[in-house]
Amino acid sequence: MGEAIVITSGKGGVGKTTTSANIGTALALMEKKVCLIDTDIGLRNLDVIMGLENRIIFDIVDVIQERCRLNQALIKDKRFESLSLLPAAQTSDKTAVTEEGMKKIIHALKPEFDYIIIDCPAGIEQGFQNAVAGADKAIVVTTPEKSSVRDADRIIGLLENKEVESPRLIINRIRNHMMKNGEMMDIDEIIQILSIDLIGIVADDEDVIKASNNGEPVAMEPKSKASIAYRNIARRILGESVPLQSLEDNKGMMQRVKRLFGMRS
Amino acid sequence: MVIWGEKEVLDNQQLVTIKGTRDGLTFFIDDSCSFDHAVHELHDKIKNSRPKEDEPVISVKVKLGNRYLTKETEGRLMELFTEENRFKVDKIETDVIRKKDAIQWKEESEIKAINQIVRSGQVLEITGDLLLIGDVNPGGKVAATGNVYIMGSLYGIAHAGTDGDRKAFIAASYMKPSQLRVADYISRAPDYESDGVYMECGLIDEEQDKIVIDRLQVLSHKREEISGFERRMQYG
């Protein structure tokens with residue numbers, strides 16, 4: 001029986017969709033059967049980031065309104081046999097999906113998959129309620145900004161009233177030098193306010209943007225920092241204990257030697 | 001044939017006794033007779049002792065013992081005294097209260113311990129004193145008709161004495177609130193970035209006519225009767 005995890009944040013633009021795509025990809029890399037569900041009806045993005053936009057024929061609204069079977073709407077990923085995507089509708093709005101409909105879909109997907117990753121829309125209205133309806137667990141994404149932490153706090157409060165296990169936190173888009181200077185909230189400060197378990201930290205990495213634009217999740221790249229971070233998160237979801245990634249820039253040996261001799265690096 | 005009751009009792013025992021004090025008259029009304037009898041006798045007594053036109057108005061205290069007055073009966077009693085405006089009723093005292101009122105009193109004076117983090121957008125409202133074990137995050141709000149005690153950090157809004165009790169206060173292990181409210185007073189955090197304070201309390205300072213934040217130690221002499229119940233007993 002699979003596990004449904006909702007990725008949510010409250011605030012828009014903190015990286016829910018990117019996180020969903022990459023956690024899904026990372027889990028698939030570890031040979032788990034994963035289904036991604038995009039619940040941002042009317043503003044679908046997950047398919048674009050996964051590079052699967054051209055394969056969409058039916059979407060989640062078609063499934064809920066019984067215009068097609070669930071299997072017809074599932075898109076197989078081009079890279080992994082074990083990864084599927086249930087895309088959002090672009091033409092309807094959020095009222096087209098109901099909480100019952102979501103529960104039904106997730107219930108039907110659970111025997112087929114190990115993990116069901118639900119990408120939640122921004123906001124706390126119906127779209128959020130739908131996305132959370134069928135989830136067993138939740139991951140809250142935030143960035144080290146006050147407004148984003150405030151919204152994450154609100155979301156955690158709302159999740160407490162749902163049938164969801166206590167949520168875990170991803171801090172996204174960390175800029176190490178700003179955190180060090182105290183220009184950004186630091187990790188301890190965020191955890192102190194939100195007081196939930198941390199499941200991962202992800203550095204602000206240009207590779208993420210590049211990868212998203214190419215329709216290739218960054219988790220596919222072996223070396224990028226963000227990629228390692230997402231793969232670590234996936235391993236923690238599987239129950240492994242992985243130490244937090246160091247945010248220090250890993251400069252090469254040569255540069256370290258140069259610095260030793262007082263040369264500019 | 002002797003008919004039991006009324007007449008005999010009335011003869012033997014006074015239902016209404018009047019005592020003069022420095023502040024005026026105190027009427028003791030017997031609590032074992034029917035209200036109508038008491039009113040009847042009171043009517044006569046008042047008639048006899050009512051001050052004349054040229055004499056000053058006398059203030060009156062009524063002691064009812066174990067008799068409970070409803071709004072109606074209290075009205076009738078008041079009417080009796082205030083007829084012709086020669087008496088001024090200061091206080092009607094009774095030794096009994098209704099169960100409902102007693103429960104309400106208890107509610108209002110109880111300390112309710114709650115173990116929770118009050119997150120952004122959440123509001124925790126309490127009748128009585130609130131003992132919160134946990135934080136109030138930015139954007140969260142706690143409110144109590146009595147005092148607010150927070151064992152944790154207060155970043156959001158705390159409101160003490162929501163029913164208008166200006167003696168209420170807010171105490172926290174750590175506070176950096178966005179707003180403190182006591183009764184109808186509101187104070188907000190300064191516009192510049194400031195550090196929070198440990199083990200302090202917010203209360204209304206009468207002289208400055210605003211909410212001040214001070215060390216917890218000042219409570220012992222500024223708010224001696226800390227329990228809501230004692231406050232109620234004193235001020236009704």
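Concerning the overall build of chain A
Here comes step 1: Along chain A, the regular secondary structure elements total 12 helices and eight strands.
Here comes step 2: Across its three principal axes, chain A shows a C-alpha extent of roughly 70 × 40 × 35 Å.
Here comes step 3: Classification of the 265 residues of chain A by burial places 55% in the buried group.
Here comes step 4: In chain A, the proportion of contacts linking residues at least 24 apart, taken out of those at least 6 apart, comes to 74%.
Here comes step 5: Roughly 12,600 Å² of accessible area belongs to chain A as shown, and the carbon and sulfur atoms make up 47% of that amount.
Here comes step 6: Distance between charge centres in chain A, computed from 35 positive and 39 negative side chains, equals 5 Å.

Topic: the nonpolar core
Grouped burial of nonpolar side chains is what soluble globular proteins tend to show.
Residue and element names in this part refer to chain A.
Here comes step 1: Within the largest apolar cluster, 53 residues are counted, with the highest numbers of intra-cluster contacts made by Ile37 and Ile118.
Here comes step 2: No other element matches helix H7 (residues 146–160), which puts six residues into this core.
Here comes step 3: Contacts of Ile37, omitting those with residues within four sequence positions, involve Leu46, Ile60, Leu86, Ile105, Ile106, Leu109, Ile116, Ile117, Ile118 and Asp119.

Focus on the environment of Glu224 of chain B
All names here are of chain B.
Here comes step 1: Tracing the backbone shows Glu224 in the loop between helix H5 (219–222) and helix H6 (228–235).
Here comes step 2: Under the relative-accessibility criterion, Glu224 is labelled exposed at 61%.
Here comes step 3: Remark: the alpha-carbon pair of Glu224 and Ala158, spanning 66 residues in sequence, is separated by 21 Å.

Regarding the packing of aromatic side chains
Residues and elements named next belong to chain B.
Here comes step 1: For the structure shown, the criterion picks out six aromatic pairs over all chains.
Here comes step 2: Taking the centre distance of 4.9 Å and the plane angle of 85 degrees together, the rings of Phe27 and Phe81 count as edge-to-face. Of this pair, Phe27 sits in strand E2 (residues 24–29) while Phe81 is found in helix H3 (residues 71–82), placing the two residues 54 residues apart along the sequence.
Here comes step 3: With a centroid separation of 6.2 Å and 85 degrees between ring planes, the pair formed by Phe27 and Phe87 is classed as edge-to-face. Placement of Phe27 in strand E2 and of Phe87 in strand E4 (residues 87–93) is noted, with a sequence separation of 60 residues between them.

Quick word on the domain arrangement of chain B
Here comes step 1: Here chain B is partitioned into domain 1 (6–93) and domain 2 (108–235).
Here comes step 2: Relative to domain 2 of chain B, the C-alpha centre of domain 1 of chain B lies at a distance of 44 Å.

So, the pattern of salt bridges
Close approach of charged atoms allows side chains of opposite charge to pair.
Here comes step 1: Under the criterion given, the structure shown has 22 salt bridges over all chains.
Here comes step 2: Between Glu160 of chain A and Arg119 of chain B there is a salt bridge, with its nearest N and O atoms 3.2 Å apart. Here Glu160 of chain A, found in helix H7, pairs with Arg119 of chain B, found in the loop between strand E5 (111–115) and strand E6 (123–126), and the two come from separate chains.
Here comes step 3: Judged by relative accessible area, which is 42%, Glu160 of chain A ranks as partly exposed.

Remarks on the side chain of Thr39 of chain A
Here comes step 1: Positionally, Thr39 of chain A belongs in the loop between strand E2 (34–38) and helix H2 (46–50).
Here comes step 2: When sequence neighbours within four positions are dropped, the list of residues in contact with Thr39 of chain A reads Met102, Ile118, Asp119, Cys120, Pro121 and Ala131 of chain A.

Quick word on helix H4 (residues 99–109) of chain B
Residue and element names in this part refer to chain B.
Here comes step 1: Trp105, Glu108 and Ser109 are the residues of H4 that are buried. End-on, the buried residues of H4 take up no more than an arc of 90 degrees, which puts them together on one face. H4 presents Lys99, Lys100 and Ile103 as exposed residues on the side facing more than 90 degrees away from its buried surface.

Digging into the sheet that holds E2 of chain B
Residue and element names in this part refer to chain B.
Here comes step 1: Spatially, the four strands line up as an open sheet ordered E1-E2-E3-E4, and their pairing is mixed. The open sheet is flanked by strand E1 (16–21) and E4, the only strands paired with a single partner. Across the sheet, the mean angle from the axis of one strand to that of its neighbour is 25 degrees, orientation sign disregarded.
Here comes step 2: Where E2 and strand E3 (residues 58–63) come together, four bridges link them in parallel fashion.

Comments concerning the packing of helix H1 (residues 16–29) of chain A against helix H11 (residues 225–237) of chain A
Residues and elements named next belong to chain A.
Here comes step 1: Following both chains from N to C, one finds H1 and H11 inclined at 65 degrees, their axes separated by 8 Å at the closest point. In this view, H1 runs roughly perpendicular relative to H11, as classed from their interaxial angle. In this structure, H1 crosses over H11, and the sense of that crossing is right-handed. Residue-level contacts link Thr18, Thr19, Asn22, Ile23, Ala26, Leu27 and Leu29 of H1 to Tyr230, Arg231, Ile233, Ala234 and Ile237 of H11.
Here comes step 2: Broken down by class, the residue content of the contact of H1 with H11 amounts to eight nonpolar, three polar and one charged.

Structural notes on H11 of chain A
All names here are of chain A.
Here comes step 1: End to end, H11 covers 19 Å across 13 residues, agreeing with the expected 18 Å (1.5 Å per residue, within 8%).
Here comes step 2: Among all positions of H11, only Ala226, Ser227, Ala229, Tyr230, Asn232, Ile233, Ala234, Arg236 and Ile237 are buried.
Here comes step 3: Two or three places before Ala226, at the opening of H11, Ser224 has a side-chain oxygen 3.3 Å from that residue's backbone nitrogen.

Details of the interface of chain A and chain B
Here comes step 1: Contacts between the two partners involve 12 residues from chain A and, on the opposite side, 12 residues from chain B.
Here comes step 2: Together, the buried faces of chain A and chain B total about 960 Å²; carbon and sulfur atoms form 37% of this surface.
Here comes step 3: The interface formed by chain A and chain B holds two salt bridges in total.
Here comes step 4: Counting the contacts that link chain A with chain B gives seven residue pairs in polar contact (both at pLDDT 80 or more).
Here comes step 5: Counting only elements with at least two residues in the side of chain A that touches chain B, the list comes to H7 and helix H9 (187–194) of chain A.
Here comes step 6: The element that contributes the greatest number of residues to the side of chain A that touches chain B is H7 of chain A, accounting for seven residues.
Here comes step 7: Taken together, the residues that form the side of chain A that touches chain B break down as four nonpolar, three polar and five charged.

Parameters and conventions
Residues numbered from 1 in each chain as written. Chains lettered and ligands numbered in written order. Predicted model: local features only at pLDDT ≥ 70, side-chain atom pairs only at ≥ 80, totals over all residues. Heavy atoms only, no water. Helix = DSSP H or I, 4+ residues; strand = E, 2+ residues; numbered from the N terminus. Buried < 20%, exposed > 50% of the residue type's maximum accessible area, 1.4 Å probe, protein only. Contact = heavy atoms within 4.5 Å. Areas by Shrake-Rupley, 256 points an atom, 1.4 Å probe, with all protein chains shown as cover. Lys, Arg positive; Asp, Glu negative; His and termini not counted. Charge placed at Lys NZ, Arg CZ, Asp CG, Glu CD. Core = buried A, V, L, I, M, F, W, Y, C linked by side-chain atoms within 4.5 Å. Phe/Tyr/Trp six-rings, centres within 6.5 Å; stacked < 30°, edge-to-face > 60°. Domains from an automatic or database assignment. Salt bridge = Lys/Arg side-chain N within 4 Å of Asp/Glu carboxyl O. Arc of directions from axis to C-beta. Pairing = 2+ DSSP bridges. Axes fitted to C-alpha atoms, helices over the stretch in contact; angles between N-to-C directions. Parallel < 35°, antiparallel > 145°, perpendicular 65-115°, else oblique. Left-handed = near helix turned anticlockwise from the far one by under 90°. Nonpolar A, V, L, I, M, F, W, Y, C, P; charged D, E, K, R; others polar. Expected span 1.5 Å × (residues − 1). Polar contact = N/O pair within 3.5 Å; in protein donor to acceptor, adjacent residues only side chain to side chain. Buried area = accessible area lost by both parts, 1.4 Å probe.

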